[in-house]
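A structural walkthrough
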Amino acid sequence: MKQVVAILMLFAAVHGFSAQNPTSVRASVQVLPGSVATGFHICLKGRKIWEQKLNARGFADLTGYILEQNYRKMQNKFDALGCELQFYDYPFLPFDDYYTRDEMSFIRGKVPNENASAALSLVAKLIQCAEKVNGKALAAAVRSCTRGNRMRVSLGGVAGNHLKELMFAGEYPSFPTYFHGSAPELTQIKKFMNLYYSPSNMIITVVGDVDGKTLEKAIVKDFSGWGDSVPVMNVFKAKLVIPAEKTAEFGTRRKNQGYVLLIRPLKENLSVKEIATALLLARQVSDVISFQLREREGLAYSIGAGIRNIGGRFFMVLAMGTTPKHVRSSADRMSGMLDKLLKGPGIPESQLERIRNSLLISRRMKRLTNVNKAFFNGLDLLWNRPKNFEESVDNSIKKVDIGTLANAKTLLNGPEIRILINASEEQLEKNDGGEGTHRKHP
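These numbers come from a predicted model, not from an experiment. (Residues numbered from 1 in each chain as written. Predicted model: local features only at pLDDT ≥ 70, side-chain atom pairs only at ≥ 80, totals over all residues. Heavy atoms only, no water.)

1. Focus: the environment of arginine 354
Structurally, the position occupied by arginine 354 is in helix α11 (residues 349-366). On the accessibility criterion, arginine 354 (44% relative accessible area) is partly exposed. Along the sequence, arginine 354 and glutamine 284 sit 70 residues apart, while their C-alpha atoms lie 9.8 Å from each other. (Helix = DSSP H or I, 4+ residues; strand = E, 2+ residues; numbered from the N terminus. Buried < 20%, exposed > 50% of the residue type's maximum accessible area, 1.4 Å probe, protein only.)

Right, dumping it as structure tokens:
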């Protein structure tokens, strides 16, 4: 099970910052000699905040399809440059929010090094064309989007939204990420795009064998002077509220699927070393619960543990997809396994090395291609982190010893909160409830 890359808010000097006027983009170019191709990532800031502010739920997802429509119209021009683009999010593995994130969405691509500037200039033109969307194009985007999203309504996502509602008392946007609504008014979608896709709401990061200074100036020139000037979108840190009732149970009409989500807050202001320790602990927990409940007993169709950043707060998260009748017992068992590990004497050096190597390999794989490197460089700028932050976490992972991992329980700071989704269609009808009906845990 892949681990989520934990994000730490460190207020430090920002590398590669360029901006000349209120509607200018923020850009950073990393020169990497010998690269086969250049990767670029355009971060669109404040995804859920903008959607909440404009009452535009799922619009970041929907407008990705509008961009794709225009990409197809301009396909020959991009193909001539050898450039491939991607606009919208994909459902991914549990705990791996590489694609689907609350604080941003993206446009990203890869292109031969010599065509990087021309490709990004073409992307700027594509966005401006997309913002002129008409009613016919909007209707087509809605159809494509809703059809594609039929497979995206996971119980894990439903549980996560319920969890945000409980923990942040309405302060943090808890509505679904993907668009499932009816067609919005044309003026509403244009207003959203004019703000969300404004250059002043973007961070562009590029990694490749390019002329860094020249390319950075070209990006600022091409991504300036259009769109509305938007305020700086600061990192959103929500006020955590521990609910009085630590377990909430919800119903689903899926007869054969249930879901367990367990979450424990971590202490605030984690150091890089503490993040590394928490990631190793999560990998250890994930291995233990996966082996027992999925491999040996066959109870889980998906299972794992990870470290999540939700609303600027860090959490240890355990999750499991199973049948409805096993939801409560699985929650108890996973919680018990975690407590046993936290109270245990520690693990032998050989086991620590196995866990460490597995974690480092999965983390490094995420940063293997230049487009992925550009993604993480963008996160460093978005979250005001030091440059190469993920590499510093990797270096700390290498140094965590048995004693440090055995004391990882000191990083947990708060009670366990549970979200259980376990009602079958028959149970809902019997209890005269609807989908999403809240029932207190006895």
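Next comes the rest of the write-up.
2. Side note on the packing of aromatic side chains
This structure, assessed with the given rule, holds nine aromatic pairs. Aromatic side chains tyrosine 71 and phenylalanine 87 sit 5.4 Å apart centroid to centroid with 70° between the ring planes, which places their arrangement in the edge-to-face category. Linking tyrosine 71 in helix α2 (residues 59-73) with phenylalanine 87 in the loop between β3 (84-86) and β4 (104-111), this pair joins segments that are 16 residues apart in sequence. Taken together through their ring pairs, the aromatic side chains of Phe59, Phe179, Phe192, Tyr196 and Tyr197 make up a single cluster. Sitting over the face of the ring of phenylalanine 175, lysine 48 holds its NZ or CZ atom 5.3 Å from the ring centroid. (Phe/Tyr/Trp six-rings, centres within 6.5 Å; stacked < 30°, edge-to-face > 60°. Lys NZ or Arg CZ within 6 Å of the ring centre and 35° of its normal.)

3. Overview of α2
A rise of 1.5 Å per residue sets the reference length of α2, with its 15 residues, at 21 Å; its end C-alpha atoms lie 21 Å apart and thus fit the reference within 8%. Buried residues dominate α2, accounting for 13 of its 15 residues. (Expected span 1.5 Å × (residues − 1).)

4. What to know about a nonpolar patch on the surface
A cluster of nonpolar side chains, namely Ile361, Met365 and Leu368, defines an oily patch on the protein surface of about 330 Å² accessible area. Position of methionine 365 relative to the elements: it lies in helix α11. Looking at methionine 365, the relative accessible area reads 52%, which means it is exposed. (Patch = residues over 30% accessible without salt bridge, like charges linked within 9 Å, V, L, I, M, F, W, Y side chains within 5 Å. Areas by Shrake-Rupley, 256 points an atom, 1.4 Å probe, with all protein chains shown as cover. Salt bridge = Lys/Arg side-chain N within 4 Å of Asp/Glu carboxyl O.)

5. What about the sheet that holds strand β1 (residues 26-31)?
Pairing in this open sheet of five strands is mixed, and the strands run β1-β5-β2-β4-β3 from one edge to the other. Two strands bound the open sheet, and with one partner strand each, they are β1 and β3. Neighbour-to-neighbour, the strand axes of the sheet open up by a mean angle of 10°, direction not taken into account. Both strand β2 (residues 38-45) and β4 contribute to a ladder of eight bridges, which runs antiparallel. If you follow phenylalanine 40 over to β4, its bridge partner there is glycine 109. Lying over the sheet, helix α8 (residues 212-222) contacts β1 and β5 (202-208), oriented at roughly 160° with respect to β1. (Pairing = 2+ DSSP bridges. Axes fitted to C-alpha atoms, helices over the stretch in contact; angles between N-to-C directions. Contact = heavy atoms within 4.5 Å.)

6. A look at the packing of helix α4 (residues 116-130) against α8
Close contact between α4 and α8 brings their axes to 10 Å; oriented N to C, the two are set at 15°. Regarding the angle of α4 to α8, the classification is roughly parallel. Crossing geometry of α4 relative to α8 is assigned as right-handed. Contact residues: α4 offers Ala116, Ser117, Leu120, Ser121 and Ala124, while α8 offers Leu215, Ala218, Ile219 and Asp222. Looking at the contact of α4 with α8 residue by residue, the classes come out as six nonpolar, two polar and one charged. (Parallel < 35°, antiparallel > 145°, perpendicular 65-115°, else oblique. Left-handed = near helix turned anticlockwise from the far one by under 90°. Nonpolar A, V, L, I, M, F, W, Y, C, P; charged D, E, K, R; others polar.)

7. Focus on helix α7 (residues 186-196)
Residues of α7 that are buried include every one of Ile189, Phe192, Met193, Leu195 and Tyr196, and no others. Of the surrounding elements, those touching the buried residues of α7 are β2, α1 (47-53), α2, β4, α4 and α5 (135-148).

8. A word on the pairing of β2
β2 sits mainly inside the fold: eight of its eight residues count as buried. Neither face of β2 is exposed, since Thr38, Phe40, Ile42 and Leu44 on one face and Gly39, His41, Cys43 and Lys45 on the opposite face are all buried. Here β2 pairs with β5 via six bridges, running antiparallel. Pairing of phenylalanine 40 across the sheet is with valine 206, part of β5.

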